[in-house]
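Each chain, written out:
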There are 2 protein chains.
Amino acid sequence: MSNGINNLEEGNPKYAESFTQGHLALPPSQRYTVITCMDARIDPTSAFNIPLGAAHVIRNAGASVKDAFRSIVISQQLLGTHEVLVVKHTGCGMLTFTNDDAHGLVTKNKGEEGAAEIKDLDFLTFPDLEAEVKKDVQWLKGKKLEEGVNISGFVYEVETGKVRKVE
Amino acid sequence: MSNGINNLEEGNPKYAESFTQGHLALPPSQRYTVITCMDARIDPTSAFNIPLGAAHVIRNAGASVKDAFRSIVISQQLLGTHEVLVVKHTGCGMLTFTNDDAHGLVTKNKGEEGAAEIKDLDFLTFPDLEAEVKKDVQWLKGKKLEEGVNISGFVYEVETGKVRKVE
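Residues numbered from 1 in each chain as written. Chains lettered and ligands numbered in written order. Predicted model: local features only at pLDDT ≥ 70, side-chain atom pairs only at ≥ 80, totals over all residues. Heavy atoms only, no water.

J.: Help me out: how do you make sense of the environment of A:Ala116 in this one?
T.: Positionally, A:Ala116 belongs in helix H4 (residues 99-116). With 14 residues separating them along the chain, A:Ala116 and A:Glu130 place their C-alpha atoms 33 Å apart. (Helix = DSSP H or I, 4+ residues; strand = E, 2+ residues; numbered from the N terminus.)

Rendered as structure tokens:
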């Protein structure tokens, strides 16, 4: 099954046909970085109103700033951004299991050989959504490398499409 | 300066007002995962034709599958996806510097205290775009945890909006 390839092959030629933004520069024109979850229900461009070329968008499971730190440093130190929006969301999968659950499930499904490939992996799950937004914002603010960067935290509601500021 | 917050506060209420997709489920309905770069010039939803709710979208500097591995494992082992599209792009920042360049620049700009926060960090830069797509696809294919997963690699052209398959 190749849903992803099918979608891409069907839609990309149309996108390219009407594409007019080939002149955009590498550094984000509005000098900010959004960190959000990989969740399929989030469309950052539309939901957060990000113009093409304006901002870096980093996405991972749970919108973890620790997991994103390599990309954040590159965004700021090499490409000149100085504002970070951390946007986690309601109904996040990371709220539904623990690190031990995940390791247990992988071992059950893929055996010891599979489990060995992630034996030291921290899945970075969390039990409380708003607390985790605050924790991530504070963690970033504590870094010397983030001096002078404007860092804020939000929750996106997958049920309503609304974003609210929490930090 | 708060370009990101301004954009969000201006656009999100309009998005939420016409939002009708609050019923979507947590697991991606089309069971695939896209890994692409954080680059500001990429809008995966439109360029790769991803319906809302259909796919996980992971983004980091350079679309590195190693950096994304935690999220990939969660996508597949906990949320049931079984197709991966790796999409790197022309004009990527990761082609323009080396790991040593990045560490040197951070030390120059932020001093030893700043540099210490990333002293063991591999920036995961690469010198050859297509070779890196192939390398990432092969790296994933070599994992026991990826058995049965359909993995392919692409290049997105920021100059034309076109995607082409390379692996």
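J.: Would you mind showing me how to read helix H3 (residues 69-78) of chain A here?
T.: In an α-helix, one turn spans 3.6 residues; hence positions three or four apart end up facing the same way. Summarising burial for H3(A): nine of the 10 residues are buried, a large majority. What H3(A) keeps buried is the set A:Phe69, A:Arg70, A:Ser71, A:Ile72, A:Val73, A:Ile74, A:Ser75, A:Gln76 and A:Gln77. Close packing links the buried residues of H3(A) with strand S1 (32-37), strand S2 (55-60), strand S3 (83-89) and helix H5 (129-141) of chain A together with strand S2 (55-60) and helix H4 (99-116) of chain B. Looking one or two places after H3(A), you find A:Gly80, whose phi comes out positive at around 75 degrees. (Buried < 20%, exposed > 50% of the residue type's maximum accessible area, 1.4 Å probe, protein only. Contact = heavy atoms within 4.5 Å.)

J.: Just checking my understanding: could you explain the side chain of A:Asp43 for this structure?
T.: Positionally, A:Asp43 belongs in the loop between S1 and helix H2 (44-47). Here A:Asp43 occupies a buried position and makes no salt bridge, while the nearest side chain of opposite charge, A:Arg59, is found at 6.1 Å. Among the polar contacts made by the side chain of A:Asp43, one reaches the side chain of A:Ser46 at a distance of 3.1 Å. Dropping the residues within four chain positions of it, A:Asp43 is found in contact with A:Phe48, B:Tyr15, B:Thr45 and B:Leu52. (Lys, Arg positive; Asp, Glu negative; His and termini not counted. Salt bridge = Lys/Arg side-chain N within 4 Å of Asp/Glu carboxyl O. Polar contact = N/O pair within 3.5 Å; in protein donor to acceptor, adjacent residues only side chain to side chain.)

J.: What is the right way to read the relation of the copies chain B and chain A from this model?
T.: It takes a turn of 180 degrees to lay chain B on chain A, together with a shift of 0.0 Å along the axis; the resulting RMSD is 0.0 Å. Given the turn and translation reported, the copies of this chain are related as if by a two-fold rotation axis. Closest approach to the rotation axis within chain B is made by the C-alpha atom of B:Arg59, at a distance of 2.3 Å. The overlap is high: 100% of the interface residues of chain B also sit at the interface in chain A, so the same surface is used on both sides. (Least-squares fit on C-alpha atoms with pLDDT ≥ 70 in both.)

J.: Even after reading the chapter, I still don't get the environment of A:Lys134, so can you show me in this structure?
T.: All names here are of chain A. Topologically, Lys-134 is positioned in helix H5. Overall, Lys-134 belongs to the partly exposed group, its relative accessible area being 36%. Between the alpha carbons of Lys-134 and Lys-162 there is a distance of 18 Å; along the sequence they are 28 residues apart.

J.: Looking at this structure, I do not really get the interface of chain B and chain A. What am I missing?
T.: Frequently, the measure chosen for interface size is the accessible area that the parts lose on association. Every contact between the two is made by 89 residues of chain B and, on the other side, 89 residues of chain A. Counting each side, the surface lost to burial between chain B and chain A is near 7600 Å², with a carbon and sulfur contribution of 60%. For the salt bridge of B:Arg70 with A:Asp67, the shortest nitrogen-to-oxygen distance reads 3.0 Å. Listed by contribution, the elements that provide at least two residues to the side of chain B that touches chain A are helix H1 (3-17), helix H2 (44-47), S2, helix H3 (69-78), strand S3 (83-89), H4, strand S4 (150-156) and strand S5 (163-165) of chain B. Counting residues per element, the side of chain B that touches chain A draws most heavily on H1(B), which supplies 10 residues. Grouping the constituent residues of the side of chain B that touches chain A by class yields 42 nonpolar, 29 polar and 18 charged. (Buried area = accessible area lost by both parts, 1.4 Å probe. Nonpolar A, V, L, I, M, F, W, Y, C, P; charged D, E, K, R; others polar.)

J.: Is there a simple way to explain the UniProt feature "binding site: Zn(2+)" (unreviewed entry) in chain A in this structure?
T.: Residues and elements named next belong to chain A. Sites flagged by UniProt as "binding site: Zn(2+)" (unreviewed entry) map to Cys-37, Asp-39, His-89 and Cys-92. A compact arrangement is adopted by the annotated residues: their sequence extent is 56 residues, whereas the largest C-alpha distance between any two is 8.7 Å. Position of Asp-39 among the secondary structure elements: in the loop between S1 and H2. Relative to the helices and strands, Cys-92 resides in the loop between S3 and H4. The residues contacting Cys-92, other than those within four sequence positions of it, are Cys-37, Gly-62 and Phe-126. (UniProt positions renumbered as here; feature names shortened; annotations may be inferred.)

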